[in-house]
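# Descriptive analysis of the structure
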Amino acid sequence: MNEHPVTLHVMDDLRRSRLTVFFRFLLAIPHIIWLELWAVVVMIVFILNWLVALIIGRPAKPFQRFTAAFMRYSATVFAYLFLVANPFPGFKGEPGSYPIELVVPMEPEKQSRLKTFFRLLLAYPAAAVSAVLMYATYAVTFLAWWAALITGRMPRGFRDLGANMLRYSGQVNSYAFLVTGRYPDASPYVGMSFEAPVAAEAPVAAEAPVAADAPEAPSET
Amino acid sequence: MTNSSRRLLGLLIFGALAGGWIWAAHALWQTSVPSNLKLPHVDVNALVGASELHRAQHFSFVLDLFGVVGLVLPLVVLALYAKWGHRFMGESAAGPIGTGMLLAMLGLAILWMAMLPSNIAELWWLRRYGVVKVGYAEMVIGTWSLLGAEFLGICLTILIVMGFARLLGNYWWLVGAPVFIGIALLVTFVQPYMSGLQPLKDHSALVQAEKRLAKKEGVGNIPLKLENVGTQTTAPNAEAMGLGPSRRIGLWSTILDGRFSEPEIEFVVAHELAHHKHNDLWKGLGWYALFAFAIAYLIANVTRRRGGMAVPLAVPLFLFVWVAFPTATLPIDNAFSRRLEAEADWTALQATRDPQAGKALFVSFVRTTNEDPNPPAWDSILFGSHPTEAQRIAMIEAWQKRNGG
C-alpha cells in the first residue's frame, strides 16, 4: 500500500557516530543557513510556478525539478538534525546520495486549476498535522540524542517516528509547492519504504595519502 | 625557453615578490616614536607597592601557564587530527567540499573538547582574582555558541579554498589570499555596527574632550561609544574600530565605573584616537595581507602530498597549518602590535600633554587587571600585544625628559 507519489526511502543501519551526535546541532548550522537561502528562492519559484500552473494546468518542468531537489535536500538536512540518519548530507539534494531519501516526482503532472488556486489554503490542515508531528519529533530527538550518545545506536522506534515526520512533511510541502497534486496521507504505512543498507558500516577512507591524480568524487559543495 | 632560463625567470619573479614583501613589511614597521628614544629604568615596586606587585606577578604567572597550554594544546591536538582526521570521511555523504567542511568542523569540535578543561581552570583563576564575572555554565554555553560561529567561518574558508583549488589546482592561493584579505577588510569595516555599541550618555564633558582631542590630532569626527561589558568582566579597556565612515571608539563600561579619573579616561581616548590618526587598522590589514599570502602559499605546498586542497583528505592537515602558522608568527605579530601601541601612547602624550594622567592610568591598570607590570621577556614575546606597563611608564618619563617636564 504505497501509492503516494512522494515516498520516503529509508536505508539507515541505526549506527550513529557519538562525536557527530554530540555536535549534531552545530554541525547542521551550515546546512540550515543554506536551506534558508534556498528556501527564499523556492518561494519566488513557487509564485511563478503557481501562475504557470494556473495558466497551463501543470507546473513548469524546470521549476518542478528545482523544487523537488529542494524537498529532497530539506529531508536530508532534517534527517541529519533529528538523528534519523548518520552521515553529513550533501548540499545539492541529489537523488541516491543519502540513506534517507525523499523520492519526489521529477516530471510535472496535470493538476486541477481550482485546487491549484486554493493550494496553500488546502494544505493548511495537513501543515498543522505536520507541525504537531514536528514538535513530537523535537521531544523524541532530545531523548534519542542521549540514547545515541551512550549506545552509539539510534533506537529504531525513535528513528521511525522521525522518518515518518519527514515523510509526512515531505508530502505536505510537495503538495503545497505544487510538486504533486496528491493530498498528504496521514497513515504511517503509506509512502514509506525500508531497506537494509548495502553495508552495515559506512566506508572508511584509506589511510594512505591519495595521489594528486586520484579519481575524485563527483563535484558537489 | 630553456629549462635554465625558465628557472632564472622563476627566481627573478620570486626575488621580486620577496623584495616587495620585505619592503612592505619594513614600511608597516615604521612608527613616529623617535628611534633614539631611551627608556629609563622604572621602579614598579615603588609605583604600585610590593604586595600588589607580588599579587600581580603571581596572577600573571599562572595566567601565562594557561596561555602556554592554549598555544601548545591546539598544536598537539591538530597534529594528531592531521594524522588521523581523515577517518571521519566515512561520516559524510556529501561531495568533496561538503566532506571537507565536515572534517574541518570536527577538527574544531575535538579541539573545543580538548581545550575545555583548561578553559574552565583558567576561568576559575580569573574569577578568583575578580577579573571575570562570567559563570562556568555561561562560559561553556558561550564557547559552545562561539563554536557554532567558528563552524560557519571554517565552512566559508573551506568553501573558498577548496572551491578555488578545484578550479585552479595548486595555484588557488593566488586568488584565495586576496579573497581572505577582502573578507578581513569587510569584517573590520562592519565590526562597529556588530559590536552592540551604545551612545555615551551622562558623559558630556568626556564627549567634548574627545572632540577637542580629535581636532588636535586631526582625525575628524569619530564618535565615542560605550560597550557594556560590566556583567562579564571588571577589566578596563577601550578600542579603536572601523574604517573610514565606520570609525568609532568603543569605551568599555568598566573604564567609566568610577575607578579612573577624567584625565586618565581622556588619555585612553587620546590613545584610541591616535590609532585612527596613524591608520593602525589599515596597517593591521596590510600586515594581515602580507601573512595571508604566505600562509596560503604554505598550505598549498604542504597539502600537495595529500592530493592538494581540492580533496577533503588534505583538510585535517590544512587545519593544522592554519593554526600552527599564526602560532609560529605570534612573536613577530606581537612585536608589530607593540610598536603600534607604543606609537599610540606617544601620540596621546603629545595630544594631552598630561604625563601624570598617563602614569596614573598605567598604575591603575596594574591594580585593576592584576597584570604583571614587568613580566619576563618570554611573556611579552608570546602574549604581549601591548608594551608592558613598566615600558609604558618609562616612555612617559622619557617624554617628560624631552619636553622638560
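Report on the accompanying structure.

Quick notes on the rules
Residues numbered from 1 in each chain as written. Chains lettered and ligands numbered in written order. Predicted model: local features only at pLDDT ≥ 70, side-chain atom pairs only at ≥ 80, totals over all residues. Heavy atoms only, no water. Axes fitted to C-alpha atoms, helices over the stretch in contact; angles between N-to-C directions. Helix = DSSP H or I, 4+ residues; strand = E, 2+ residues; numbered from the N terminus. Parallel < 35°, antiparallel > 145°, perpendicular 65-115°, else oblique. Left-handed = near helix turned anticlockwise from the far one by under 90°. Contact = heavy atoms within 4.5 Å. Nonpolar A, V, L, I, M, F, W, Y, C, P; charged D, E, K, R; others polar. Pairing = 2+ DSSP bridges. Buried < 20%, exposed > 50% of the residue type's maximum accessible area, 1.4 Å probe, protein only. Polar contact = N/O pair within 3.5 Å; in protein donor to acceptor, adjacent residues only side chain to side chain. Expected span 1.5 Å × (residues − 1). Phe/Tyr/Trp six-rings, centres within 6.5 Å; stacked < 30°, edge-to-face > 60°. Lys NZ or Arg CZ within 6 Å of the ring centre and 35° of its normal. Patch = residues over 30% accessible without salt bridge, like charges linked within 9 Å, V, L, I, M, F, W, Y side chains within 5 Å. Areas by Shrake-Rupley, 256 points an atom, 1.4 Å probe, with all protein chains shown as cover. Salt bridge = Lys/Arg side-chain N within 4 Å of Asp/Glu carboxyl O.

### Considerations on the packing of helix α1 (residues 3–29) of chain B against helix α9 (residues 280–302) of chain B
When two helices pack together, their arrangement is given by the angle between their axes and by how far apart the axes lie. Residues and elements named next belong to chain B. Orientation of α1 relative to α9, taken along the N-to-C sense of each, is 155 degrees, at an axis distance of 10 Å. Overall, the two elements α1 and α9 adopt an arrangement that is roughly antiparallel. In the crossing of α1 with α9, the sense of the turn from one axis to the other is left-handed. Of the residues in α9, those in contact with Trp21, Ala24, Ala25, Leu28 and Trp29 of α1 are Lys283, Gly286, Trp287, Leu290 and Phe291. When grouped by side-chain class, the residues that make up the contact of α1 with α9 number 8 nonpolar, 1 polar and 1 charged.

### Digging into the side chain of Thr303 of chain B
Assignment of secondary structure puts Thr303 of chain B in the loop between α9 and α10 (315–328). In this structure, Thr303 of chain B is in contact with Gly308, Met309, Ala314, Leu317 and Phe318 of chain B, ignoring residues within four places of it in sequence.

### A few points about the sheet that holds strand β4 (residues 248–252) of chain B
Residues and elements named next belong to chain B. Ordered in space as β1-β2-β4-β3, the 4 strands form an open sheet in which the pairing is mixed. One side of each edge strand has no neighbouring strand; the edge strands of this open sheet are β1 (198–199) and β3 (238–241). Pairing between β1 and strand β2 (residues 224–227): 2 bridges, direction antiparallel. Following the sheet pairing, Gln198 is matched in β2 by Leu226. Running over the sheet, helix α8 (residues 262–277) touches β2, β3 and β4 and is turned about 145 degrees from β4.

### Notes on the sheet that holds strand β1 (residues 7–10) of chain A
By way of backbone hydrogen bonds, the strands of a sheet pair with one another, either parallel or antiparallel. Residues and elements named next belong to chain A. As summarised here, the arrangement of the 3 strands in space is β2-β1-β3, forming an open sheet in which the pairing is mixed. The sheet terminates laterally at β2 (100–103) and β3 (192–194), the two strands that pair on one side only. Between one strand and the next, the sheet's axes are offset by a mean angle of 20 degrees, whatever the strand orientation. The pairing of β1 with β2 spans 4 bridges and is antiparallel.

### Some words on the side chain of His275 of chain B
Residue and element names in this part refer to chain B. As for its placement among the helices and strands, His275 is situated in helix α8. Residue class for His275 comes out buried when judged on its relative accessible area of 7%. At a separation of 3.1 Å, a polar atom in the side chain of His275 contacts the side chain of His271.

### Considering unusual backbone geometry
The phi torsion at Leu14 of chain A lies on the positive side, around 70 degrees, for a residue other than glycine. Topologically, Leu14 of chain A is positioned in the loop between β1 and α1 (18–22). One non-glycine residue with positive phi stands out, namely Asn279 of chain B, at about 55 degrees. Its place among the elements puts Asn279 of chain B in the loop between α8 and α9. For Asn279 of chain B, a relative accessible area of 41% corresponds to the partly exposed category.

### Structural notes on α8 of chain B
End to end, α8 of chain B covers 22 Å across 16 residues, agreeing with the expected 22 Å (1.5 Å per residue, within 8%). Residue Asn279 of chain B follows α8 of chain B closely and has a positive phi angle near 55 degrees.

### Focus: the packing of aromatic side chains
One pair of aromatic rings is described through two measures. These are the centre distance and the angle between the planes. What the rule picks out here adds up to 38 aromatic pairs over all chains. Pairing Phe362 of chain B with Phe365 of chain B gives two aromatic rings, centres 6.0 Å apart and planes at 55 degrees, and the pair type is tilted. In this pair, Phe362 of chain B and Phe365 of chain B both sit in helix α12 (residues 355–369), 3 residues apart, roughly one turn of the helix. With respect to class, Phe362 of chain B is no different from Phe365 of chain B; both count as buried. Among the aromatic side chains, those forming a connected cluster through ring pairs are Phe22, Phe23, Trp145 and Trp146 of chain A together with Trp112 and Trp144 of chain B. Between the NZ or CZ atom of Arg24 of chain A and the centre of the ring of Tyr80 of chain A, over which it lies, the distance is 4.0 Å. Positioned above the aromatic ring of Tyr175 of chain A is the side chain of Arg119 of chain A, whose terminal nitrogen or guanidinium carbon lies 4.3 Å from the ring centre.

### Considerations on a nonpolar patch on the surface
All names here are of chain A. A cluster of nonpolar side chains, Leu114, Phe117, Phe118, Leu121, Leu122 and Tyr183, forms an exposed patch at the surface whose accessible area comes to about 600 Å². Taken together, the elements giving at least two residues each to the nonpolar patch come down to α5 (113–117) and α6 (119–151). Looking at Phe118, the relative accessible area reads 35%, which means it is partly exposed.

Read these as layout, nothing more, since geometry by itself doesn't imply function.
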